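# Structural features, examined
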Amino acid sequence: MKSVDVVLSNKLKNGGGLKRKKYVQLYGLCAIPLLLVFVFNYIPMFGIFIAFKEYRYDLGILRSKWVGLNNFKVFMMSDDFMRITVNTIVMNFIFIIVGMVCAIILAILLFETRNRKGVKIYQTMMITPNFLSWVVAGYMVYAFLNPDYGFINKLIGLSGHEKIDWYSKPVYWPAILTICSVWKSIGMDSVIYYAALMGIDTELFEAARIDGANKRQEVLHITIPQLLPLITILGILKIGGIFRADFGLFYQTTRNVSALYSVADVMDTYIFRTMRVLGDMSISSAAGVLQSVVGFLCVVITNYIVKKIDPDRALF
Amino acid sequence: MLNSKENKFAQFVLNIALIILSLLIIMPFLLLVCISFSSEKDIAVYGYGFLIKNFDLSAYKYIFRNASDIFQAYKVTAGFSFITMVLSVLLMSMVAYPLTKRELRGRQAISFYLYFTMLFSGGLVPLYILITRYLHLDDTIWVYILPGLISPWFVFMLRTFFSSLPEAILESAEIDGLDEIGIFCMMVLPLSKSVLAAVSLFVLLGQWNNWYTSMLYINNEKLLSLQYLLQKIMMNINLLQQNSGTFESSLISIKDIPTETVRMAMAVVVAGPALLVFPFFQKYFVKGITVGSVKG
């Protein structure tokens with residue numbers, strides 16, 4: 001009896017030791033990654049108070065003077081503020097709507113194609129822009145819009161109209177930027193909708209066909225309603241990021257030409273330029289904090305809405 | 001099928017539409033290629049176009065003869081992209097695996113700790129000051145590698161995949177005497193090759209196309225990334241001419257440099273490798289976004 005007890009208790013003890021060893025190892029695995037996140041993500045969060053100081057390089061962060069909300073006041077009273085806020089929100093809103101509509105139409109077209117091999121090839125071609133950087137995309141835009149040699153101006157010239165100096169005419173750029181944005185993302189975006197379409201129960205379509213529905217009715221009354229939950233959720237989640245602009249799109253395709261700032265200057269380009277070109281750390285930091293806070297609220301609110309509709313899709 | 005003829009016709013139209021759409025999407029890249037193979041004179045006369053009147057390799061010859069900058073940038077970019085890929089995937093797996101252990105204390109706190117960084121950030125200025133004034137990473141290769149090693153998005157993607165591995169296999173490994181690190185290295189990683197490949201490709205692609213880091217943190221010409229070098233050439237037309245001045249001013253007079261075609265040839269040389277390689281791994285990218293869109 002005694003020996004059994006000893007064996008048992010040894011086993012338990014050992015088990016405890018093994019368990020501890022197991023947890024030590026698991027925490028050990030996490031340690032370096034979590035430290036990196038702390039250094040590069042959390043320490044900068046403490047740096048938010050720079051926005052409440054008049055940052056001077058020679059004095060450093062700690063010894064620079066506190067100025068309260070002054071940086072925010074200066075930033076929000078400036079002409080730039082309205083412009084970049086409106087540009088960021090309006091342009092992102094257009095990108096979201098147009099991008100989603102195009103991606104959904106493309107997904108439906110691909111889905112209706114019975115030629116599965118063809119679908120693979122089309123998808124591969126349509127995804128290629130995703131593999132290119134905005135710098136290269138900027139070259140492509142330039143090849144089309146160069147005032148002297150550009151392909152578009154060449155066509156305009158051939159048709160006998162006057163050439164357009166694209167890089168100095170802001171009025172065209174909301175459309176150009178939208179085309180660029182959709183061009184780059186449509187392939188990848190349509191993949192998600194295509195996957196969802198492939199998941200629809202084929203019996204639904206068969207039933208509709210037996211009832212004598214034509215293709216148009218099938219799309220309107222089955223395909224789109226089946227996609228609607230996904231569309232709603234992805235749309236709301238995208239709205240959550242509406243205060244964050246795609247820096248590369250706005251910076252590279254416009255070649256950062258200041259003549260286009262009236263439509264193409266957004267939060268992210270402004271924050272970069274104010275810091276790196278104008279060297280105004282305080283204002284840039286205030287704009288950055290504002291963007292982070294508003295961006296955070298957008299995500300939290302939209303996530304709350306998503307959670308009400310479909311808890312599984314919520315981010316948290 | 002009663003209306004099979006009609007159906008065939010519809011399919012035909014559909015396929016034609018999709019072919020046209022696909023061609024429209026790759027058309028901008030074709031334009032770059034066509035310009036780069038044109039002769040400079042034709043560009044000056046006819047402008048950019050899809051027709052190559054006189055096939056001309058002088059732009060590429062010029063690049064391969066002169067641009068030691070571009071080869072340096074190639075080396076730097078390939079170097080930091082590869083190092084980032086390996087370190088990033090390894091480190092993200094190291095945090096993703098423990099997150100699959102339900103009994104691990106603080107598991108949810110760690111998830112939240114990672115997740116929060118996706119929602120909120122200190123912004124550009126504090127990070128810039130941290131990197132340049134405190135860590136002194138600017139003008140080193142490490143500034144490309146370290147700040148973005150852990151992306152919560154991919155960590156959660158890895159966690160989702162790891163937790164779908166059959167528990168029985170991992171348990172039997174434990175009974176066979178493997179400890180957690182052993183299970184992670186000998187079982188989890190080898191069993192997860194497909195998702196590791198997907199994440200690796202995303203990281204590699206992101207780094208290959210990275211121009212932002214150079215723009216912010218690099219002054220040393222020898223450490224510029226490929227994309228940023230290309231951007232500099234775009235923003236500053238005279239750069240090519242300046243460079244040629246230092247390289248072989250005695251051989252070519254400045255006005256003979258095929259500026260327009262060389263620029264486009266540079267873009268092709270920079271984008272080409274990505275376009276040749278990544279489409280072959282399309283299935284991993286597709287998998288990546290379909291897995292990623294499902295909450296872990």
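Throughout, a residue's number is its position along its own chain's written sequence, starting from 1. Starting at A for chains and at 1 for ligands, labels are handed out in the order in which the entities are written. Under the rules for a predicted model, residues below a pLDDT of 70 receive no local features and side-chain atom pairs below 80 are neither given nor counted, while totals for whole chains, interfaces and linings still include all residues.

### Remarks on the overall build of chain A
Secondary structure counts use DSSP, requiring at least four H or I residues in a row for a helix and at least two E residues in a row for a strand, with both numbered from the N terminus. Along chain A, the regular secondary structure elements total 14 helices and two strands. Relative to the 2.2 N^0.38 estimate, which gives 20 Å for 316 residues, the radius of gyration of chain A is 27 Å and therefore markedly larger than a compact globule would have. Dimensions along the principal axes, computed over C-alpha positions, put chain A at roughly 105 × 75 × 35 Å. Counting other C-beta atoms within 10 Å of a residue's C-beta gives its exposure: the residue is buried at 20 or more, exposed at 12 or fewer, and partly exposed in between, where C-beta atoms are placed from the backbone. Counting over 316 residues, chain A shows a buried share of 35%. Once C-beta atoms have been placed from the backbone, residue pairs whose C-beta atoms lie within 7 Å are recorded as contacts. Long-range pairs, those at least 24 residues apart, make up 68% of the contacts in chain A with a sequence separation of at least 6. Put simply, the radius of gyration uses C-alpha atoms, and a globule should come to 2.2 Å times the residue count raised to 0.38.

### Looking at the overall build of chain B
What chain B contains, in helices and strands, is 16 helices and zero strands. Expressed as a percentage of its 296 residues, the buried residues of chain B come to 38%. Expressed as a percentage of contacts within chain B between residues at least 6 apart in sequence, the contacts between residues at least 24 apart total 69%.

### Some details on the domain arrangement of chain B
Residue and element names in this part refer to chain B. Domains are outlined according to an automatic or database domain assignment. Domain annotation of chain B identifies domain 1 (25–56) and domain 2 (60–292). Taking only C-alpha atoms into account, the centre of domain 1 sits 32 Å from that of domain 2. Between domain 1 and domain 2, the contact holds seven residues from the first and seven residues from the second. Of all the secondary structure elements, the ones that give two or more residues to the side of domain 1 that touches domain 2 are helix 1 (4–36) and helix 2 (40–46). The biggest single contributor to the side of domain 1 that touches domain 2 is helix 1, with four residues. Among the residues forming the side of domain 1 that touches domain 2, the class breakdown is four nonpolar, two polar and one charged. For this scheme, ten residues count as nonpolar: Ala, Val, Leu, Ile, Met, Phe, Trp, Tyr, Cys and Pro. Four count as charged, namely Asp, Glu, Lys and Arg, and the remainder, Gly too, count as polar.

### Some words on unusual backbone geometry
Even without being glycine, Arg255(A) reaches a positive phi, approximately 55°. Summarising the element assignment, Arg255(A) is placed in the loop between helix 11 (247–252) and helix 12 (261–264). Notably, His136(B) is not glycine yet its phi reads approximately 50°, a positive angle. Within the element layout of this structure, His136(B) appears in the loop between helix 6 (124–134) and helix 7 (142–145).

### Notes on helix 11 (residues 193–208) of chain B
Count 3.6 residues to each turn of an α-helix, and residues three or four apart come out pointing the same way. A helix is expected to span 1.5 Å multiplied by its residue count minus one. Over its 16 residues, helix 11 of chain B extends 22 Å from the first C-alpha to the last, a length consistent with the 22 Å expected when each residue adds 1.5 Å. Restricting attention to buried positions, one finds in helix 11 of chain B the residues Val195(B), Leu196(B), Ala198(B), Val199(B), Phe202(B), Val203(B), Leu204(B), Leu205(B), Gln207(B) and Trp208(B).

### Section: the domain arrangement of chain A
All names here are of chain A. Per the domain assignment, the segments of chain A are domain 1 (2–66) and domain 2 (78–313). Here the C-alpha centroids of domain 1 and domain 2 sit 38 Å apart. In terms of residue class, the side of domain 1 that touches domain 2 is made up of four nonpolar, no polar and two charged.

### Considerations on helix 8 (residues 173–198) of chain A
Over its 26 residues, helix 8 of chain A runs 36 Å from end to end, which matches the ideal 38 Å to within 8%, given 1.5 Å per residue. Maximal helix bending in helix 8 of chain A amounts to about 50°, located at Ile186(A). The bend at a residue is defined as the angle formed between two axes, one fitted to the seven residues ending at that residue and one fitted to the seven starting there.

### Notes on the interface of chain B and chain A
Every contact between the two is made by 74 residues of chain B and, on the other side, 73 residues of chain A. For the side of chain B that touches chain A, the elements supplying multiple residues, two or more each, are helix 1, helix 4 (68–96), helix 5 (107–119), helix 6, helix 10 (180–191), helix 13 (226–235), helix 15 (259–277) and helix 16 (282–292) of chain B. With 13 residues, the single largest contributor to the side of chain B that touches chain A is helix 1 of chain B. Classifying every residue of the side of chain B that touches chain A by side-chain character gives 54 nonpolar, 15 polar and five charged.

### A few points about the packing of helix 8 of chain A against helix 10 (residues 215–240) of chain A
All names here are of chain A. Axis lines are fitted to C-alpha atoms, over the contacting stretch for helices. Their N-to-C directions set the angle, which ranges from 0 to 180 degrees. Packing of helix 8 against helix 10 leaves a shortest axis separation of 10 Å and a crossing angle of 125°. With respect to their mutual orientation, helix 8 and helix 10 come out oblique. Crossing of helix 8 over helix 10 shows right-handed handedness. The segment helix 8 lies against helix 10, with Tyr-193, Ala-196 and Leu-197 engaging Thr-223, Leu-227 and Leu-230. Class assignment of the residues belonging to the contact of helix 8 with helix 10 gives a composition of five nonpolar, one polar and no charged. The labels follow the angle: roughly parallel below 35 degrees, roughly antiparallel above 145, roughly perpendicular from 65 to 115, and oblique for the rest. Should the near helix be turned counterclockwise from the far one by less than a right angle, the crossing is left-handed, whereas a clockwise turn marks it as right-handed.

### What about the confidence of the model for chain A?
Scored between 0 and 100, pLDDT is the confidence that the predictor attaches to each residue. Considering every residue of chain A, the mean pLDDT works out to 90; 95% of them sit at 70 or more. Between residues 7–11 of chain A, whose pLDDT stays under 50, and residues either more than four places distant or in other chains, the model counts zero contacts.

### Points about the environment of Phe50(B)
Residues and elements named next belong to chain B. Locating Phe-50 in the fold gives a position in the loop between helix 2 and helix 3 (58–66). Residue classification places Phe-50 among the exposed positions, given that 12 C-beta atoms sit within 10 Å. Each C-alpha atom, one on Phe-50 and one on Cys-34, is 5.7 Å from the other, the two residues being 16 residues apart in sequence. Leaving out residues up to four positions away in the same chain, Phe-50 has contacts with Leu-30, Leu-31 and Cys-34.

### Examining the environment of Pro174(A)
Residue and element names in this part refer to chain A. The residue Pro-174 is located in helix 8 in this model. Owing to 15 C-beta atoms within 10 Å, Pro-174 belongs among the partly exposed residues under this scheme. With 42 residues separating them along the chain, Pro-174 and Arg-216 place their C-alpha atoms 32 Å apart. In this structure Pro-174 touches Met-91, Ile-94 and Val-263, once residues within four positions along its chain are discounted.

### Overview of the nonpolar core
Note on definitions: a nonpolar core is a set of buried residues drawn from Ala, Val, Leu, Ile, Met, Phe, Trp, Tyr and Cys, linked by C-beta atoms within 7 Å. Judged by nonpolar contacts, the single largest core of 144 residues is most densely connected at Ala143(A), Leu32(B), Met92(B), Leu158(B), Val199(B) and Ala267(B). When sequence neighbours within four positions are dropped, the list of residues in contact with Ala143(A) reads Gly150(A), Phe151(A), Leu31(B), Leu32(B), Ile35(B), Tyr48(B) and Met264(B).

### Some remarks on the confidence of the model for chain B
All names here are of chain B. Considering every residue of chain B, the mean pLDDT works out to 87; 90% of them sit at 70 or more. Considering each helix and strand of chain B separately, the mean pLDDT is smallest for helix 14 (residues 238–248), with a value of 53, and largest for helix 7, with 97. Low pLDDT, under 50, characterises residues 245–253; the stretch is placed with five contacts to residues that sit more than four places away or in other chains. Across the interfaces of the predicted complex, the ipTM metric reaches 0.88, alongside a pTM of 0.89.

### Digging into the environment of Ala96(B)
Looking at the element boundaries, Ala96(B) is found in helix 4. In this structure Ala96(B) comes out as buried when scored by C-beta crowding, with 29 C-beta atoms within 10 Å.

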